[in-house]
Every structure is written in structure tokens, then in C-alpha cells.
Amino acid sequence: MAPEDDVARRGNLARTCLAVVALAVAWLAFDHHLGARRVSRAREANLRQRLRETHRAHPVRSGETAFLGDSITFDGDWAAAFPGLPARNRGIGWDTTDDLLERLDDSLDGPPATVVLMIGTNDLPLGIPHARTVRNVSLVLDRVAEAAPDARVVVQSVLPRTDRYHPLVAPRNEALARGCGDRGLAFVDHTERFAGPDGRLDPEVHDDGIHPNAEGHRRLAEGLAPLLEAPAVRPPTPRADPR
């Protein structure tokens, strides 16, 4: 083998090794990122289970408005935000669309007169595929239509984020909006109301990168008010809860 061929071969081998190492490092970083979120979610398992038990013990009554979602929903005091509505908070921290689908029947007993839904942001860091999230939301809406055929249904967009999952929010909201359009359901897109100059979550509406603060909850209530026909809108007081 000519010396120059040997040098070229070694150069190619070195580049291949570097590429493999780079991929391995990237995967480990991704896996650690995902793993950390799964650990955080697991730590809240007992609290989440207690909330589900509380929901079962206190079913939604006929004519009430059920707010379904994750911790963004849980954090809001919707009865204070909409004093004209008999509101029932059915948010649970760290819930994904899988989780909501599993526990949905606990929130449709009444049946409710109105269902307000915000779900999907936790699917992103937990690695749930986009198609599965969209399908789960569709199944949730099917179940609502079956259990509460006369209910008014309001679906809210996933809020902008501050992390690396932010670029995935817009496609998700587009799919949700299409699904609502096909069903003739109301879709509240909070994007402009919550986006800062760079398109990510406005610093004025959060304190931790994802959860709305008092101003954020005021904007949520403001966006929902025209559809919920509330006589007044007061900002719900956020409550401390992990995701």
C-alpha cells in the first residue's frame, strides 16, 4: 500500500471514530435529559394518584364546567376566574395525553355542561410521538362526545415553551386546530397572547420556563372568557404544583 493511501485510510478511520463518539455523546445527553424528566414525574406518582382518587370521590355534577389538563390547568383557580360558572378543576401535574385518556371517565360523570381542555405539553419532553399525541386528543374528544353529547367543548392550544421542544409546539397546535375544525369545536390559540419577541414563552407570563404565573393565568382566562360567556374575568391565583 502506498504511503499516501495509508494516510488517507487512517484519516477516514479517525473521522469515522469521531463521528461515532459524537453520536454517542449526543445520545447520552438526550437520554439523560429524558431520564431526568421521567424521574421527576415518578417522584410525583403518589400525589398524582391521590388527586385521581379525589376526583373519583367527588364526581363532576351535571351542568358543571370541567377543566381538563395537566399542571397548567391544576394551577388555576377557575371558579375565581369565572364566578358565573360552576367550575371543576380536573388538572393533574405531569399528565400526558396518555394519562388523561386513561382517567377521563372520572371527569365526565355529570355529565358536564362544558369541557375545557388543555393537554399535550408534557408529551414533548417525555418523548411521546406527535402522531400519538394527536390521536390521543382525538380519542379524548370522541369520549367526551359520547359521554356528554350536549356539552360545549373548548380546546386550548399548547403554550409556547422556552426549551428545545419549543419548535415542536406549532405543528402540534396546527394539528389540534385542524381536528377542532373538522369537529366544529372551538379552538383557543393562546400563541400570540403568550409569545415573547422571539416567539418563545414571554418572560412576563412565567417564572420557571413553562408554568404560567399570575399574569399568565390572567391571559388564559382572558382568552377563554368570550367562549365561556363569563360575566367577569378575574385572574386565578396560581397554586404551587410540579408541572
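What you are looking at is a predicted structure, and each value in this text was computed from that prediction instead of being measured.

## Focus on the nonpolar core
Leu-68, Leu-100, Leu-104, Leu-117, Val-140 and Val-144 are the most contacted members of the largest nonpolar core, which totals 22 residues. Listing elements by their share of this core, those giving two or more residues are β1 (65-69), α5 (97-103), β3 (114-118), α6 (130-147), β4 (152-156) and α7 (169-183). Residue contributions to this core peak at 4 residues, all from α6. When sequence neighbours within four positions are dropped, the list of residues in contact with Leu-68 reads Thr-73, Arg-90, Leu-100, Leu-104, Ser-107, Val-115, Val-116, Leu-117 and Met-118. Core analysis: the next-biggest nonpolar cluster, separate from the first, contains 19 residues, Phe-67, Trp-78, Leu-201 and Leu-224 among them.

## Concerning α7
Over its 15 residues, α7 extends 21 Å from the first C-alpha to the last, a length consistent with the 21 Å expected when each residue adds 1.5 Å. All buried positions along α7 are accounted for by Val-169, Arg-172, Asn-173, Ala-175, Leu-176 and Cys-180. Buried residues along α7 cover an arc of 160° about the axis, so they all sit on one side. Exposed side chains of α7 directed beyond 90 degrees from the buried face belong to Arg-178, Gly-181 and Asp-182. Looking at the buried side of α7, the elements it contacts are α6, β4, β5 (186-188) and α8 (191-194). Once α7 finishes, Gly-184 follows within two positions and takes phi at roughly 75°, a positive value.

## Details of the pairing of β4
With 4 of 5 residues buried, β4 is to be regarded as a mostly interior element. Sheet topology places β3 next to β4; 4 bridges connect them, and they run parallel. Residue Thr-114 lies in a different strand from β4, and its bridge partner there is Arg-152. What joins β3 to β4 is α6, and the crossover it makes is right-handed. Pairing analysis gives 3 bridges linking β4 to β5, with the strands arranged parallel. Looking at β5, one finds that Gln-156 is bridged to Val-188. In the classification by handedness, the crossover that spans β4, the intervening α7 and the parallel β5 is right-handed.

## Looking at the side chain of Glu-64
You can see Glu-64 is positioned in the loop between α2 (45-57) and β1. The class of Glu-64 is buried, set by a relative accessible area of 12%. In terms of polar contacts, Glu-64 uses its side chain to reach the backbone amide nitrogen of Arg-61, at 2.8 Å. With sequence-adjacent residues up to four places away left out, Glu-64 is seen in contact with Pro-86, Arg-88, Pro-112, Ala-113 and Thr-114.

Procedures and definitions
- Residues numbered from 1 in each chain as written.
- Predicted model: local features only at pLDDT ≥ 70, side-chain atom pairs only at ≥ 80, totals over all residues.
- Heavy atoms only, no water.
- Core = buried A, V, L, I, M, F, W, Y, C linked by side-chain atoms within 4.5 Å.
- Buried < 20%, exposed > 50% of the residue type's maximum accessible area, 1.4 Å probe, protein only.
- Helix = DSSP H or I, 4+ residues; strand = E, 2+ residues; numbered from the N terminus.
- Contact = heavy atoms within 4.5 Å.
- Expected span 1.5 Å × (residues − 1).
- Arc of directions from axis to C-beta.
- Pairing = 2+ DSSP bridges.
- Right-handed = clockwise from strand over helix to strand, strands pointing away.
- Polar contact = N/O pair within 3.5 Å; in protein donor to acceptor, adjacent residues only side chain to side chain.

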